[in-house]
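Overview (structure and organization)
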Amino acid sequence: MGQGFSSNSGQRLEVTVGGDEGSPRLDRVLAVRRPELSRSRLKALILAGSVTARGAPIRDPAYHVTAGDTITIDVPEAAPAEPQGEQIALDVVYEDDDIIVIDKPKGLVVHPAAGHETGTLVNALIAHCGASLSGIGGVKRPGIVHRLDKDTTGLMVVAKNDRAHASLTAQFADHGRTGPMQRGYMAFAWGVPGRQHGTIEAPIDRHPHAREKMAVREGGREAITHWKTLEVFNGRDGKPVASLLACQLETGRTHQIRVHLSHIGHPLMGDAVYGAHFKTKAGQLGTKSKDALTALGRQALHAYLLALEHPKTGEILHWEAPLPEDLLLLRKTLRAAL
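Keep in mind it's a predicted model, so treat the numbers as computed, not measured.

Fine structural detail should not be taken from predicted coordinates in areas where pLDDT scores are low. On average, residues of the chain score 89 in pLDDT, and 93% of them are at 70 or above. Across residues 1-8 the pLDDT falls below 50, and counting only partners more than four positions away or on other chains, this stretch makes 26 contacts in the model.

For His175, which is not a glycine, the phi torsion comes out positive at approximately 50 degrees. Along the chain, the position of His175 falls in the loop between helix H4 (162-174) and strand S8 (182-190). In the Ramachandran plot, His255 falls in the positive-phi region, its phi being about 60 degrees despite a non-glycine side chain. Position of His255 among the secondary structure elements: in the loop between strand S13 (240-249) and helix H5 (256-263).

The subject of this paragraph is helix H6 (residues 287-296). Ser289, Ala292, Leu293 and Leu296 are the residues of H6 that are buried. Down the axis of H6, the smallest arc covering the buried residues is 100 degrees, so these residues share one side. Looking at H6, the residues exposed on the side facing more than 90 degrees away from the buried face are Thr287, Lys288, Thr294 and Ala295. For H6, the secondary structure elements touched by its buried residues are S8 and helix H7 (325-336). Directly after H6, the chain includes Gly297, whose backbone phi takes a positive value near 65 degrees.

Our focus in this paragraph is the packing of aromatic side chains. Tallying each qualifying case throughout the model produces two aromatic pairs. Between Tyr94 and Trp319 the ring centres are 5.5 Å apart and the planes differ by 50 degrees, which places this aromatic pair in the tilted class. Within this pair, whereas Tyr94 is found in strand S5 (residues 92-95), its partner Trp319 is found in strand S15 (residues 316-320), the two being separated by 225 residues in sequence. Owing to a relative accessible area of 9%, Trp319 belongs among the buried residues under this scheme. Between the aromatic rings of Phe188 and Phe233, the centroid separation amounts to 6.2 Å while the plane-to-plane angle is 15 degrees, which identifies the pairing as stacked. Within this pair, whereas Phe188 is found in strand S8, its partner Phe233 is found in strand S12 (residues 224-234), the two being separated by 45 residues in sequence. Among the residues examined, Phe188 registers a relative accessible area of 0% and is labelled buried.

Below, the discussion takes up a positive patch on the surface. Positive charge collects at one region of the surface, where Lys43, Arg206, Arg211 and Arg217 lie side by side. Tracing the chain through its elements places Lys43 in helix H2 (residues 39-47).

Next up on the list: the side chain of His207. Its place among the elements puts His207 in the loop between strand S10 (204-206) and strand S11 (214-216). Of note is the side chain of His207, whose polar atom sits 3.0 Å from the backbone nitrogen of His209. Apart from residues no more than four positions distant in its own chain, His207 is found in contact with Lys213, Met214, Ala215 and Arg217.

Across the nine residues of helix H3 (residues 121-129), seven count as buried, placing the element largely inside the fold. Those residues of H3 hidden inside the fold are in contact with strand S6 (99-104) and strand S7 (153-159). Sitting at the amino-terminal end of H3 is Thr120, which places a side-chain oxygen 3.3 Å from the backbone nitrogen of Val122. Gly130, located one to two residues past H3, shows a positive phi value of around 70 degrees.

Grouped together as the largest cluster of nonpolar side chains are 28 residues, with contacts concentrated most on Leu121, Leu125, Tyr185, Cys247, Ile257 and Leu261. Where this core is concerned, the elements lending two or more residues are S6, H3, S7, S8, S13, H5 and strand S14 (301-309). With five residues, H3 is the largest single contributor of residues to this core. Sequence-distant contacts of Ile257, that is, excluding residues within four places in its chain, are made with Tyr185, Thr225, Cys247, Leu249 and Leu301. Among the nonpolar cores identified, the runner-up in size contains 21 residues, and Met186, Ala242, Phe278 and Leu305 belong to it.

So, on to the sheet that holds strand S1 (residues 11-16). Taken in spatial order, the four strands line up as S1-S4-S2-S3 in an open sheet, and their pairing is antiparallel. The open sheet has two edge strands, S1 and strand S3 (56-57), and neither has a second partner. Judged from the six bridges that link them, S1 and strand S4 (residues 70-75) form a sheet pairing that is antiparallel. Bridged to Leu13 within S4 is Ile73. Taken strand by strand, H2 contacts strand S2 (51-53) and S4, and its axis lies near 100 degrees from that of S4.

Turning to the pattern of salt bridges, a few remarks are in order. Close approach of charged atoms lets side chains of opposite charge pair. Within the structure shown, the criterion is met by 14 salt bridges. The partner of Asp98 in a salt bridge is Arg163, and the shortest N-O contact between them spans 3.1 Å. Here Arg163 lies in helix H4 and Asp98 lies in the loop between S5 and S6, a separation of 65 residues in the sequence. Classification of Asp98 by relative accessible area gives buried; the value is 4%. A salt bridge links Glu231 to Arg335; the nearest nitrogen and oxygen atoms lie 2.9 Å apart. You can see Glu231 sitting in strand S12 and its partner Arg335 sitting in helix H7, a full 104 residues away along the chain. Overall, the relative accessible area of 53% leaves Arg335 in the exposed class.

What counts, and where the lines are drawn
- Residues numbered from 1 in each chain as written.
- Predicted model: local features only at pLDDT ≥ 70, side-chain atom pairs only at ≥ 80, totals over all residues.
- Heavy atoms only, no water.
- pLDDT = per-residue confidence, 0-100.
- Contact = heavy atoms within 4.5 Å.
- Helix = DSSP H or I, 4+ residues; strand = E, 2+ residues; numbered from the N terminus.
- Buried < 20%, exposed > 50% of the residue type's maximum accessible area, 1.4 Å probe, protein only.
- Arc of directions from axis to C-beta.
- Phe/Tyr/Trp six-rings, centres within 6.5 Å; stacked < 30°, edge-to-face > 60°.
- Patch = residues over 30% accessible without salt bridge, like charges linked within 9 Å, V, L, I, M, F, W, Y side chains within 5 Å.
- Areas by Shrake-Rupley, 256 points an atom, 1.4 Å probe, with all protein chains shown as cover.
- Salt bridge = Lys/Arg side-chain N within 4 Å of Asp/Glu carboxyl O.
- Lys, Arg positive; Asp, Glu negative; His and termini not counted.
- Charge placed at Lys NZ, Arg CZ, Asp CG, Glu CD.
- Polar contact = N/O pair within 3.5 Å; in protein donor to acceptor, adjacent residues only side chain to side chain.
- Core = buried A, V, L, I, M, F, W, Y, C linked by side-chain atoms within 4.5 Å.
- Pairing = 2+ DSSP bridges.
- Axes fitted to C-alpha atoms, helices over the stretch in contact; angles between N-to-C directions.

Okay, here's the thing in structure tokens:
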């Protein structure tokens, strides 16, 4: 397996390809075998020529490896975070020397990207945590081990040092299959599923025609979402029009809940990307519910539950975050069918 990872200096890692790899793609094999390196970091290393096999650089993430190949990864010293610290208020739920847990508000982008170079969670964390913030996540993603969409609210954990980063990365890769990791969401969805609970198991990949979207696609990455119905809301005609679902992730794909609920015909309320075809459903709502949905201006999704093993003490930690005011108002008006 090669040496362990450290961000304090450059290192050479080796992976010997076995005969039972789930996929022959270089990027996927390395993602499984070296979970302490994020997929985005692995891709960047591959494209930079830092990954070699049989003495030659491999610059194609889709390169098919062969059993017995020894893959070498030259990991350079982690560069300091380029984003600057900004004094942005954070709702800190928990913090110690290893991790910080926040309740992310709507509208806050997690890390700098095109169109959002400043004013992000990373900028806020750099100011809040200072030099302790881990750099393994990449130049623009220090300490980040998972993310929430800009307009999804709720709980996020961030690593404050390299040990915590490696531990959390492994826990998120496992997603509670063998460990204590839990990620729970409250989702306001159009319509009412035909059962009280269920599991959506459908692979997700980039949309074939709209690259900014994800879609259920054969051959995509495994994606599993468990859900149960908590409440049913009637429209102004007295018939069911929407429901509140509790969702738990067994995998962590981009836009997973949004894509999966849309796939089964129950997209999130307010989701302009995956639920646009349900926009006319708002006509079935009462006036106050419709106004609350319009004022929401985002997908009705909140990460209310997070549980994990502390990377240093091994203690199982559990947090819950109440619905934010905009979703509380939506629920109140839906309950009253106003």
